[in-house]
Amino acid sequence: MNDTSAPDLILENAKITTLDRAKPEATSLVVKNGRIVGVDDAGEYQRGPDTKVIDLQGRRVIPGLNDSHMHIIRGGLSYNLELRWDGVPSLADGLRMLKEQAQRTPPGQWVRVIGGWSEFQFAERRMPTLDEINAVSPETPVFVLHLYCRGMLNKAALRACGYTKDTPNPPAGEIQRDGNGNPTGLLIARPNAGILYATVGKQPKLPPEQQMNSSRHFMRELNRLGLTSLVDAGGGSQIYPDDYAIIEELHKRGEMTVRMAYNIFTQKPKQEKEDFLRCMKLTGPGKGDDFYRCNGAGEMLVYSAADFEDFLEPRPDLPSNLEKDLKEVVSLLAANKWPFRIHATYDESISRILNVFEDVNREIPFKGTNWFFDHCETISDRSLERVKALGGGIAIQDRMAFQGEYFLDRYGSKAAERTPPVRRMLDLGIPVGAGTDATRVASYNPWLSLYWLVTGKTVGGTALYSEANRLSREEALMLYTKGSSWFSGESGKKGGIVIGQLADVTALTEDYMSVAEEKIKGIESVLTIVGGKIVYAVQEFQDLDPAPLPVLPDWSPIKVYGGYGAPLDIRKAARAGVPMPQHQHNAECHHHGCVHAGHQLLAGIEVARNRYAEFWGLGCDCFAF
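Residues numbered from 1 in each chain as written. Predicted model: local features only at pLDDT ≥ 70, side-chain atom pairs only at ≥ 80, totals over all residues. Heavy atoms only, no water.

> Help me understand the overall build of the chain in this model?
Broken down by element type, the chain carries 20 helices and 23 strands. Every one of the 625 residues in the chain was classed for burial, and the buried ones make up 60%. When contacts within the chain are restricted to residue pairs at least 6 apart in sequence, those whose partners lie at least 24 apart make up 74%. Just so you have it, the chain exposes about 23,600 Å², and 51% of that area is on carbon and sulfur atoms. (Helix = DSSP H or I, 4+ residues; strand = E, 2+ residues; numbered from the N terminus. Buried < 20%, exposed > 50% of the residue type's maximum accessible area, 1.4 Å probe, protein only. Contact = heavy atoms within 4.5 Å. Areas by Shrake-Rupley, 256 points an atom, 1.4 Å probe, with all protein chains shown as cover.)

What follows is the structure, encoded as structure tokens:
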């Protein structure tokens, strides 16, 4: 026997992708005290009365996914308030959801769709119109955020925001107006997303206990998709420590189901150094534990270096004070050994930022301090070589899966082929971690990101990359596990199914390693384990699932629709009392009889089981849910 004491958990009869070169495949693993103690040798362990043994029935098991760039702390505070269009197959579905939710939303509250979708995912391949949004919700305020490009307000929301004919355009945005100068309801991010941030800030917030409930539901949603770790990249208007109080409390209560390393975002233009000096007195890199810990500074270090990505607009020219502002802050961080990350989309910005980094490194060497770029869609080979020389990394996200069509229109297919040049990064040996940048400019669904890396396609199916800049399934998975662990300084601690590493694993609905490419984006977890503890379980493992959480407030959109792929969960909507459209006879009934409607219902329920595996269409819309 391998151990004198019995393990806590044994998983057997599985197809395990370990990501360990010494033993890439296994059929079992053994867990004790939150760590993996055995791989492929379960039969050698003494099983005690408290040892839980789970037969995986041939399921594919992988290390828990790790998003190296997400905004979960901010997103969790409002998750229960948001109607998700992520994964919705048609605009008609999205508008129906808006109408139903507007009828359920109490006075004083809003219906809000806060990013995570692209019009190219819709069958109609278009945006909603303001007339359509006003028609489905004439009285309840509605805000629909489209990436960081546009925001759409219905008339009730315009009134609630106080946007009138006399409201001037803010410095960071444009209020579109009609021929008489009245706001139409369209907000345009020009030259950056300031007006969109401000409009989100005008909307009602949940009270603290409901924010805790909301954050727990968001974590469970991520567990449903196989995510067990992430690095939180801070966020605009996310103030430390005030806006971290909810997640801090959940951590104290032991109610976190996703591991988080958090970065601290600067808050005030021209006061960035003071921001970081204040935060340095409150926390520091590594402070915390394996579930919740400080990771350093960023992704915003100074406002003058922020090149917001919006491929509907020309590339922004950053101001001349970038170098002075950035050097001051990076010198402070390097001197105090604070790891840092910085948002950078365009090579024109990256090359200037690298000039500053090289200058600071000569005075205060970066050695021993992790630093990295986020995004890097148009980074050049020369800039990549400079990143390598300075010992930096690059966290990439699937933003192009949501904006690729815009990039193609503006810059052409040749430029789009390496946005970002992932293969070149890997060839140079630069640390690379994968992620989403959720929740506003992309969906939090990691399988969309893995699909994008493997196929080179957008969520709308547009091909962006040749085979030369696409990854194998194993390579993509490595970036989403072992690769991302570098970005929180946890290489070797997690990311593989290896003896001694944290017992974070997930069993999947489909075999990621062999399923058809188009089905990758539809994968979910059937069993998610964090630190040896089961945090999510469905289907044949349903009896192992933790006790259900209530949804607060009672009118929350997620109570009816859930998260990603929301409108397809017919059973949840029915349980919540949402009226279902009645079957209407039409010409199809002459051929199929009214059994036709029954077939559609059964098809819808089957889709609800694995809610977004493929684009779905039922042939007609007489029973469209």
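That shown, we press on.
> Please clarify how the pattern of salt bridges should be interpreted in this entry.
Between side chains of opposite charge, pairing is possible as soon as their charged atoms come close. One pass over the full model with this rule turns up 42 salt bridges. The shortest N-O distance in the salt bridge between Arg96 and Asp93 comes to 3.1 Å. Taken together, the residues Arg96 and Asp93, both in helix H2 (residues 91-104) and three residues apart, mark about one turn of the helix. Considered together, Arg96 and Asp93 belong to a single accessibility category, that of buried residues. The shortest N-O distance in the salt bridge between Lys521 and Glu518 comes to 3.3 Å. According to the relative accessible area criterion, Lys521 is buried, its value standing at 17%. (Salt bridge = Lys/Arg side-chain N within 4 Å of Asp/Glu carboxyl O.)

> Whenever I open this one, helix H8 (residues 272-280) confuses me. Can you help?
Since the α-helix advances by 3.6 residues per turn, residues separated by three or four positions end up pointing in the same direction. All of the buried residues in H8 are Glu272, Asp275, Phe276, Cys279 and Met280. With its buried residues spanning 130° around the axis, H8 presents them on a single face. Turning to H8, the residues buried within the fold contact strand E15 (259-264), strand E16 (292-297) and helix H9 (322-335). (Arc of directions from axis to C-beta.)

> Quick question: what am I supposed to make of unusual backbone geometry here?
Leaving glycine out, the prevailing phi sign among residues is negative, and the prevailing peptide bond configuration is trans. Cis rather than trans, the peptide bond between Tyr240 and Pro241 has omega equal to 5°. Tracing the chain through its elements places Pro241 in the loop between strand E14 (227-232) and helix H7 (245-253). For the bond running from Gly298 to Glu299, omega is 10°, close enough to zero to count as cis. Residue position: Glu299 is located in the loop between E16 and H9. At Leu19, a residue that is not glycine, the phi angle is positive and equals roughly 60°. Phi is positive for His375, which is not a glycine, with a value near 90°.

> Got a minute to help me understand the sheet that holds strand E1 (residues 9-12) in this structure?
By definition, the strands of a sheet pair up through backbone hydrogen bonds, in either a parallel or an antiparallel sense. Judged by pairing direction, the sheet is mixed, and its four strands sit side by side in the order E5-E4-E1-E6 without closing on themselves. Only two strands of the sheet have a single neighbouring strand rather than two, namely strand E5 (35-39) and strand E6 (52-55). Across the sheet, the axes of successive neighbouring strands diverge by a mean angle of 20°, strand direction being ignored. Looking at chain direction, strand E4 (residues 29-32) and E5 are connected through four bridges and run antiparallel. Considered in E5, the bridge of Leu29 is made with Val39. (Pairing = 2+ DSSP bridges. Axes fitted to C-alpha atoms, helices over the stretch in contact; angles between N-to-C directions.)

> Can you walk me through the packing of aromatic side chains in this structure?
Any pair of aromatic rings gets described here by the distance separating the centres and the angle formed by the planes. Applying the stated rule across the entire model yields 27 aromatic pairs. Considering the side-chain rings of Tyr148 and Tyr197, the 5.3 Å spacing of their centres and the 45° angle between planes classify their relative orientation as tilted. One end of the pair, Tyr148, is in the loop between strand E10 (142-146) and strand E11 (150-153); the other, Tyr197, is in helix H5 (residues 194-201), with 49 residues separating them in the sequence. Neither residue differs from the other here; Tyr148 and Tyr197 are each classed as buried. Measuring from centroid to centroid gives 5.4 Å for Tyr244 and Tyr262, while their planes differ by 55°, and the two rings are tilted. (Phe/Tyr/Trp six-rings, centres within 6.5 Å; stacked < 30°, edge-to-face > 60°.)

> Explain the pairing of strand E23 (residues 533-537) to me, please; I cannot follow it from the model alone.
Two faces make up the sheet, and in a regular strand the side chains alternate between them. The buried fraction of E23 is high, at four of five residues. Here strand E22 (residues 525-530) runs beside E23; their pairing, made up of four bridges, is antiparallel. Within the sheet, the bridge partner assigned to Ile529 lies in E23 and is Ile534.

> How should the nonpolar core be read in this particular structure?
As a rule of thumb, nonpolar side chains are buried together in soluble globular proteins. By size, the foremost hydrophobic cluster in this structure holds 105 residues, and its most contacted members are Leu301, Leu326, Phe357, Phe373, Trp447 and Tyr512. Discounting residues that sit within four places of it in the chain, Phe357 has contacts with Leu326, Val330, Phe340, Ile342, Phe366, Trp371, Phe373 and Leu390. (Core = buried A, V, L, I, M, F, W, Y, C linked by side-chain atoms within 4.5 Å.)

> Honestly, the confidence of the model for the chain in this entry has me stumped. Any pointers?
Interpretation of the predicted coordinates at a detailed level should be avoided for regions scoring low in pLDDT. Residues at a pLDDT of 70 or more form 90% of the chain, whose mean pLDDT is 91. Note that residues 586-625 has pLDDT below 50 and, in this model, 78 contacts with residues that lie over four places away or in other chains. (pLDDT = per-residue confidence, 0-100.)

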